[in-house]
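One-letter residues, chain by chain:
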Amino acid sequence: MPIAIWCILAAAILPVLSIFPAKLSKDYDNENPKNPDFWRYGFRARAQAAQVNGFEAFPFFAIAVFVAMSQGASLYWIDQLAVLFVLLRLIYVFCYWTDRATPRSIAWLASFITIVALFTSSLWS
């Protein structure tokens, strides 16, 4: 199975992992997990924002991988770009957790460019 397919799985799991540390708080109420007050400030709010953005980015990434594969792009480039996307999203989450807005935006932009490169890779690879 191509590495890119495994990267789709990793990208699907990453949003859940993005919020997991915030749920380890003793203040987290599993009976009311969507309590807006819990997610309002600080690390918790940033972890939730990272999760939401991960869910937003995932479908575009997955579709780009499938388009690249179905249109005959080089598997080497598909795999390389898919791994790059997952690594950039890990950086993005870390930057969100640590409240580093500019590097986070750069990581987001680079991961978006990676999706575009995947989608168009059959044209240039």
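Everything quoted here is computed from the prediction, not taken from an experiment.

### Concerning the nonpolar core
Here is step 1: Grouped together as the largest cluster of nonpolar side chains are 19 residues, with contacts concentrated most on Phe61, Val65, Ile78, Phe85 and Leu118.
Here is step 2: Counting residues per element, the ones that place at least two in this core are α1 (3–23), α2 (42–70), α3 (75–97) and α4 (101–124).
Here is step 3: Dropping the residues within four chain positions of it, Phe61 is found in contact with Cys7, Ile8, Ala11, Ala82, Phe85, Ile115 and Leu118.

### Description of the side chain of Asn53
Here is step 1: Following the sequence through the fold, Asn53 ends up in helix α2.
Here is step 2: Note on Asn53: relative accessible area 14%, which makes it buried.
Here is step 3: If sequence neighbours within four positions are ignored, Asn53 has contacts with Arg89, Tyr92 and Trp108.

### Quick look at the side chain of Ser121
Here is step 1: By the element assignment, Ser121 lies in helix α4.
Here is step 2: Apart from residues lying up to four places away in sequence, Ser121 is in contact with Ala68, Ala73 and Ile78.

### A word on the packing of α1 against α3
Geometry of a packed helix pair, given as the angle between the helix axes and the separation of the axes.
Here is step 1: Following both chains from N to C, one finds α1 and α3 inclined at 5°, their axes separated by 9 Å at the closest point. Between α1 and α3, the crossing angle belongs to the class labelled roughly parallel. For the pair α1 and α3, the contacting residues are Ile3, Ala4, Cys7, Ala10, Ala11, Leu14, Leu17, Ser18 and Pro21 in the first and Ile78, Asp79, Ala82, Val83, Phe85, Val86, Arg89, Leu90, Val93 and Trp97 in the second.
Here is step 2: Of the residues contributing to the contact of α1 with α3, the split by class is 16 nonpolar, one polar and two charged.

### Here's the deal with the environment of Ser111
Here is step 1: Here Ser111 lies in helix α4.
Here is step 2: For Ser111 and Arg46, which are 65 residues apart along the polypeptide, the C-alpha to C-alpha distance reads 19 Å.
Here is step 3: Setting aside chain neighbours within four positions, we find Ser111 in contact with Phe85, Leu88 and Arg89.

### Describing the environment of Gly72
Here is step 1: Tracing the sequence through the fold places Gly72 in the loop between α2 and α3.
Here is step 2: Sequence-wise, Gly72 and Leu123 are 51 residues apart; in three dimensions their C-alpha atoms are separated by 9.1 Å.

### Concerning the environment of Leu75
Here is step 1: As for its placement among the helices and strands, Leu75 is situated in helix α3.
Here is step 2: For the pair Leu75 and Ser121, spaced 46 residues apart in sequence, the C-alpha separation works out to 9.7 Å.
Here is step 3: Those residues in contact with Leu75 that lie beyond four places of it in its chain are Pro2 and Met69.

Cut-off values and rules
Residues numbered from 1 in each chain as written. Predicted model: local features only at pLDDT ≥ 70, side-chain atom pairs only at ≥ 80, totals over all residues. Heavy atoms only, no water. Core = buried A, V, L, I, M, F, W, Y, C linked by side-chain atoms within 4.5 Å. Buried < 20%, exposed > 50% of the residue type's maximum accessible area, 1.4 Å probe, protein only. Helix = DSSP H or I, 4+ residues; strand = E, 2+ residues; numbered from the N terminus. Contact = heavy atoms within 4.5 Å. Axes fitted to C-alpha atoms, helices over the stretch in contact; angles between N-to-C directions. Parallel < 35°, antiparallel > 145°, perpendicular 65-115°, else oblique. Nonpolar A, V, L, I, M, F, W, Y, C, P; charged D, E, K, R; others polar.

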